[in-house]
Amino acid sequence: MNDIDLKNLRNQAEQEIKKAKNLNELNKVFKEYLGKKGQVSLIFKKLKNAAPKQRISVRKELNSLKSFLQLEFKKKQEQLEISNSVEQKTWFDVTAPGHKEQMGHLHPLTIVKREIMIIFQEMGFEVAQGPEVENDWYNFDALNMPKHHPARDMWDTFWLKPRKSDLLLRTHTSPVQIRYMEKHKPPLKIIAPGKVFRHEATDASHEFQLYQLEGLMIDRDISVSNFKAIIYEFLKRFFKKNVSIRLRPSYFPFTEPSFEIDMGCTACEGKGCSVCSQTGWLEMAGAGMVNPNVLKNVGLDSKEWQGFAFGFGIDRLTMMRYKIPEIRLFHSGDLRFLKQF
Amino acid sequence: MKFSYNWLQEYLDKELPSAKDLISILSLKSFEVESIKKINKDFVLDIDITSNRVCDCSSHIGIAREMAAIMDYKLRLPDFKIRENSKLLAKDIVSIEVRDKEACPRYSARVITDIKVDDSPDWLKKKLEICGLQSINNVVDIANYVMLETGQPLHIFDLDKLEHKKLIVRFAEKGEKITTLDEQNFKLNESILVIADAKRPVALAGIKGGKGPGVDSQTKTIVLESANFNPVIIRKASQFLKLKTDASWRFEHGIDANLTEPAINRAAKLIQELASGKIAQGIVDFYPEKIKPKKIFLDIDNVEKLLGGRIPLKQIKNILTKLGFKLIASKTVSGKIAVEVPTSRLDISIPEDLIEEIGRIYGYEKIPVAAPKICLIPPEKNMNIFWEEFSKDILQENRFSEVLNYSFISEAQAKTFGYEIDKLLEIENPLSSNQQYLCPSLVPNLMRNVETNFNYFSEFKIFEMGKIFSRATNLRKQKSKPQTVVQGNGLAVIEQRFLSGLIARTKDGNQSFYELKGVIDDLLNKMGITNVWYDEYEPTPEQTKICVWDIGKSAEIKVNDKEVGFLGQISPKILKKLDITGDVVLFDIDFDTLQKLVSEEHEYQLISPYPSAMRDLSILVPKETKVVDVFNVMNRIGGSLVRDIDLFDIYQGDELHGDKKSFAFHIVYQAKDRTLESKEIETIHGKIVKALEQNLEWEVRK
């Protein structure tokens with residue numbers, strides 16, 4: 001028994017480990033060399049009879065051979081295991097359709113409303129609510145539209161019977177401003193999402209039951225500049241891209257000055273297309289600086305407080321978000337529509 | 001309102017921008033232009049005059065003035081000077097009597113004799129046509145022309161057809177009638193202002209003329225009316241008669257009382273020129289209280305404070321002057337300018353109105369964008385919205401889809417569901433019979449969703465969160481409940497938030513009830529409400545009429561002693577009436593009441609650090625026995641050591657006697673303060689078994 005024998009043994013074992021094609025074969029090789037009756041074990045047994053001096057040096061070498069082989073086996077085994085699983089993967093059809101859980105769906109208006117609420121809440125706005133049936137004081141008078149004010153015509157109204165009850169279905173979410181300011185002192189920042197009703201014939205883009213979002217911010221020196229900043233920030237976050245906005249003069253009895261907010265058309269980037277009727281702009285909201293008469297109506301000193309109010313349609317934002325061409329789908333209750341969200 | 005591009009040009013010293021540019025300039029500074037159309041060599045612009053500016057902009061001069069201010073042009077007004085016939089005095093020919101100066105603050109009239117009624121010249125016909133008016137004859141056309149030019153509606157009477165050559169402005173008497181120029185008949189009442197001669201109404205004041213004294217080809221002498229009427233009276237009359245005209249539109253928005261004079265002169269001059277009339281001397285003018293211009297002190301600092309950008313003082317002054325405002329130098333003190341408002345600007349009454357004028361002409365696009373400076377107060381959480389959205393999420397996780405329905409029901413729906421019509425809230429002016437009543441429940445429209453969706457799906461689960469409406473009958477009692485009450489005149493409405501939903505299957509859904517009950521348990525538990533139980537549905541006499549539920553298969557959902565809603569099978573009668581074949585199980589929860597329990601009850605339950613142990617128990621009971629009865633015994637005996645009982649099987653099979661069934665429970669034992677030893681557990685478990693067996697019909701299987 002000499003060095004050469006051990007070297008041969010080592011080479012031979014190494015070769016056979018390399019050649020092993022699968023775990024079974026590797027196992028055979030392992031038994032052949034490191035098993036109880038394997039070649040290495042046999043040499044160990046033979047050593048008992050060898051001279052003490054030789055015994056020590058050979059044992060040392062044998063031990064190193066043994067741990068070398070153990071390591072080689074381990075490496076080869078890991079290698080085979082990996083390739084084995086790769087082999088299995090080729091048996092696996094990833095293109096077969098997945099099993100779908102029948103999930104529930106939130107209404108697209110709910111999804112968009114939540115998104116809007118989050119954006120404004122992040123900017124420090126509180127969410128307020130109010131009743132859907134209103135009396136005409138909250139819906140009109142308190143908003144600087146006394147009885148027989150011709151501007152009342154801007155809001156076609158569903159009235160409750162009898163007409164003299166002066167109860168109506170709110171035509172906008174602006175009454176929430178009044179109700180909130182009656183109970184809270186400025187500074188204040190609120191939004192109020194909710195159902196509103198318009199007495200008008202319906203078509204693909206007109207509904208008699210709508211969802212609006214009101215906004216109100218009152219402090220000591222809130223200006224048109226500040227309003228531009230807030231509405232710009234909102235639109236940018238909602239549409240997840242840089243948008244351009246412009247204000248156009250308009251008229252609402254409860255704001256002075258009043259304006260419409262246009263956003264550069266997101267479909268054509270302002271070049272003009274069918275979405276924006278070739279104007280390059282989309283009308284997004286009505287807004288303005290709260291009229292001092294409105295502040296007076298809720299007992300606030302208009303010399304001390306000022307601010308802006310705005311309102312836009314959640315339906316419209318939702319239609320833009322999902323490219324929904326027909327507003328009446330929202331109330332259809334049709335699950336073929338609702339399950340898409 | 002329709003405007004002619006060429007006509008506008010006549011009042012300006014420099015050339016207007018192209019029609020296309022004009023639209024965008026007007027849109028950004030004044031009004032939206034709805035449409036533009038080329039007609040021959042002219043353009044017709046449909047300008048959307050906002051309701052506050054009808055007073056000064058429902059006229060070509062008005063829009064031209066806007067353009068002059070925007071473009072910094074000069075306004076060239078037409079000639080209002082006339083030649084009068086000094087031999088005839090108007091006041092000798094016609095007498096005017098105004099009975100109510102509130103209703104008619106001014107009435108100006110002129111008399112023109114020797115006129116020749118004929119066709120209008122082409123230029124006049126064309127102008128009217130472009131603005132959407134039909135040519136009638138030269139005299140009537142001139143009246144319309146002057147209205148489009150100045151904004152003042154005019155009316156013409158044939159003097160010879162007026163009884164006693166008299167005009168009286170008065171309210172109609174009940175029962176009086178009038179036939180208008182276009183042959184419409186109206187019955188009048190005391191709220192309608194008319195112009196009458198000595199005998200009968202000859203015109204609906206500010207709305208339309210009567211047929212009687214109308215101008216015809218034989219007319220020789222006319223009375224020209226240029227008046228000012230109370231906007232509210234005209235508006236009410238126009239609404240009552242359902243008659244809207246170019247005149248009523250202008251009057252109901254209010255017009256400058258000082259406009260009657262220039263307008264009547266302008267018309268007289270044109271009639272003289274085009275119908276060769278002679279103008280009798282003088283205006284017969286009823287004008288007891290002359291309207292004088294308002295003065296407003298404008299604090300220059302406030303312009304910047306409200307708009308947020310600094311505009312040079314010189315520019316501010318220029319804008320105001322161009323718009324027709326006068327700056328009174330003598331009254332201007334440092335930092336404040338005194339502004340005299342032209343009487344045509346009825347819309348301007350406070351400094352903010354002036355700031356709007358400055359802002360829009362200066363240009364909102366030039367106002368810088370600046371984030372507000374505010375103190376950071378985190379927004380308060382709206383708990384109503386929080387719980388609404390929270391519950392929607394739970395239902396979605398339970399595979400329900402959200403629907404949003406209209407807040408109305410039809411009479412047919414109300415009848416199907418047994419609602420008493422006179423207790424519902426009716427809409428005065430529904431668009432169709434589908435919107436006759438406010439919904440007293442979300443269920444009728446959810447059932448409509450079932451009808452729709454059974455066409456495409458054999459099984460689905462839907463819910464809606466929304467408001468239902470009812471009459472408040474006893475206000476004091478109602479106020480104690482968590483709900484919204486809105487007070488009107490003699491009618492108060494209660495609004496309640498409801499959460500309702502259903503599971504619908506075209507085939508028999510035996511398990512639907514328990515499935516839905518599990519969902520409700522999950523919802524309430526996740527909202528932190530633990531003491532939920534279900535009581536047999538015992539309808540009150542009133543509820544019996546409203547036959548939504550299949551009484552034998554429905555339950556009241558209760559938390560402690562409060563009823564929060566119902567759960568159960570829909571009444572087969574309703575399914576039949578709606579012609580639905582299938583199985584529908586509903587829930588209907590008063591969300592206001594439920595949420596109140598949440599806020600009071602949502603409390604963290606300590607998790608015991610000590611181990612729990614589970615024992616199973618199976619019991620044979622008569623078929624009619626309710627699970628809750630068994631639960632009650634186990635809970636009573638087990639007390640605080642029973643943490644949870646779970647019914648995992650109900651069995652009713654052949655090998656059991658026909659009238660028996662078996663329940664199988666997992667009972668989880670756990671103490672909050674110590675480890676329960678098995679001996680102790682066996683003792684309690686034994687006690688429970690013993691207690692159950694005290695009922696002689698119950699048999700615990702061992």
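Residues numbered from 1 in each chain as written. Chains lettered and ligands numbered in written order. Predicted model: local features only at pLDDT ≥ 70, side-chain atom pairs only at ≥ 80, totals over all residues. Heavy atoms only, no water.

## Here we look at the overall build of chain A
To keep things clear, this is the line we draw: Counting from the N terminus, the helices are the DSSP runs of H or I reaching at least four residues and the strands are the DSSP runs of E reaching at least two. In this setup the radius of gyration rests on C-alpha atoms only. A globule is expected at 2.2 Å times the number of residues raised to 0.38. Relative accessibility decides the category of a residue: with a 1.4 Å probe and only protein chains considered, values under 20% of the type maximum give buried, values over 50% give exposed, and everything between is partly exposed. Residue contacts follow a heavy-atom distance rule, with two residues in contact if any of their heavy atoms lie within 4.5 Å.
When helices and strands are tallied, chain A shows eleven helices and nine strands. Scaling as 2.2 N^0.38, a compact globule of 341 residues should have a C-alpha radius of gyration of about 20 Å, whereas chain A reaches 39 Å, well beyond that. The C-alpha extent of chain A, read off along each of the three principal axes, is 125 × 45 × 45 Å. Taken across its 341 residues, chain A has 55% of its residues classed as buried. By sequence separation, contacts in chain A at least 24 residues apart represent 65% of the contacts at least 6 residues apart.

## Describing the interface of chain A and chain B
We count it as follows: Values labelled buried area give the accessible surface lost by two parts on being combined, using a 1.4 Å probe and summing over both. A pair is scored as a salt bridge if a Lys or Arg side-chain nitrogen falls within 4 Å of a carboxyl oxygen belonging to Asp or Glu. N or O atoms within 3.5 Å of each other form a polar contact, as long as, within protein, one can give a hydrogen and the other can take it, and as long as residues adjacent in sequence are counted only when both atoms are side-chain atoms. Think of it as three bins: nonpolar holds Ala, Val, Leu, Ile, Met, Phe, Trp, Tyr, Cys and Pro, charged holds Asp, Glu, Lys and Arg, and polar takes everything else, Gly as well.
The partner chain B presents 80 residues to the 92 residues of chain A that form the contact. Buried area between chain A and chain B, summed over both chains or domains, comes out near 7,500 Å², and the portion from carbon and sulfur atoms is 56%. Contact with chain B buries area across many residues of chain A, yet A:His148, A:Lys161 and A:Pro249 alone supply 9% of it, more than any other trio. Our count for the chain A to chain B interface comes out at seven salt bridges. A salt bridge links B:Glu389 to A:Arg114; its shortest N-O distance comes to 2.6 Å. At the surface where chain A touches chain B, the tally comes to 45 residue pairs in polar contact (both at pLDDT 80 or more). Tallied by class, residues from the side of chain A that touches chain B come to 37 nonpolar, 26 polar and 29 charged.

## Some remarks on the sheet that holds strand E5 (residues 209-219) of chain A
Residue and element names in this part refer to chain A. This is how it is decided: Only strands that DSSP links by at least two bridges are regarded as paired with each other. Interaxial angle, 0 to 180 degrees, is taken between N-to-C directions of lines fitted to C-alpha atoms, where a helix line uses only the stretch in contact.
Spatial ordering of the open sheet is given by E1-E4-E5-E9-E8-E7-E6, a layout of seven strands whose pairing is mixed. Two strands lie at the open edges of the sheet, namely strand E1 (126-127) and strand E6 (245-252), each paired on one side alone. Relative to strand E4 (residues 188-197), E1 is paired through two bridges, and the arrangement is parallel. Along E4, the bridge assignment pairs valine 127 with isoleucine 191. Lying over the sheet, helix H7 (residues 175-183) contacts E1, E4, E5 and strand E9 (306-313), oriented at roughly 40° with respect to E5.

## Regarding the sheet that holds strand E8 (residues 166-171) of chain B
Residues and elements named next belong to chain B. Taken together, the five strands give an open sheet; going across it, the order is E5-E8-E11-E12-E13, and neighbouring strands pair in mixed fashion. If you trace the sheet from one side to the other, it starts and ends with strand E5 (95-98) and strand E13 (208-209), each paired once. In terms of strand pairing, E8 meets strand E11 (residues 193-196) through four bridges, oriented antiparallel. Residue pairing in the sheet places isoleucine 168 in a bridge with alanine 196 of E11.

## As for the side chain of A:Asn291
Structurally, the position occupied by A:Asn291 is in the loop between strand E8 (281-290) and helix H9 (292-297). There is a polar contact of 3.4 Å between the side chain of A:Asn291 and the backbone oxygen of A:Pro253. Other than its neighbours up to four places away in sequence, A:Asn291 contacts A:Asn144, A:Pro253, A:Phe254, A:Thr255, A:Glu256 and B:Ile350.

## Here's the deal with the nonpolar core
The cut-off we apply is this: Within this scheme, the nonpolar core is defined by two criteria: the residues are buried Ala, Val, Leu, Ile, Met, Phe, Trp, Tyr or Cys, and they are joined through side-chain atoms within 4.5 Å.
One finds A:Ile116, A:Phe120, A:Leu160, A:Phe234, A:Phe312, B:Met447 and B:Leu502 to be the most contacted residues of the largest nonpolar core, which totals 179 residues. The dominant element in this core, judged by the number of residues it contributes, is helix H8 (residues 224-239) of chain A, at eight residues. The residues contacting B:Met447, other than those within four sequence positions of it, are B:Phe417, B:Leu502, B:Ile570, B:Leu575, B:Leu578, B:Ile580, B:Val584 and B:Leu586. The next biggest cluster of nonpolar side chains, apart from the first, holds 41 residues, and it includes B:Cys104, B:Ala172, B:Ile192 and B:Leu259.

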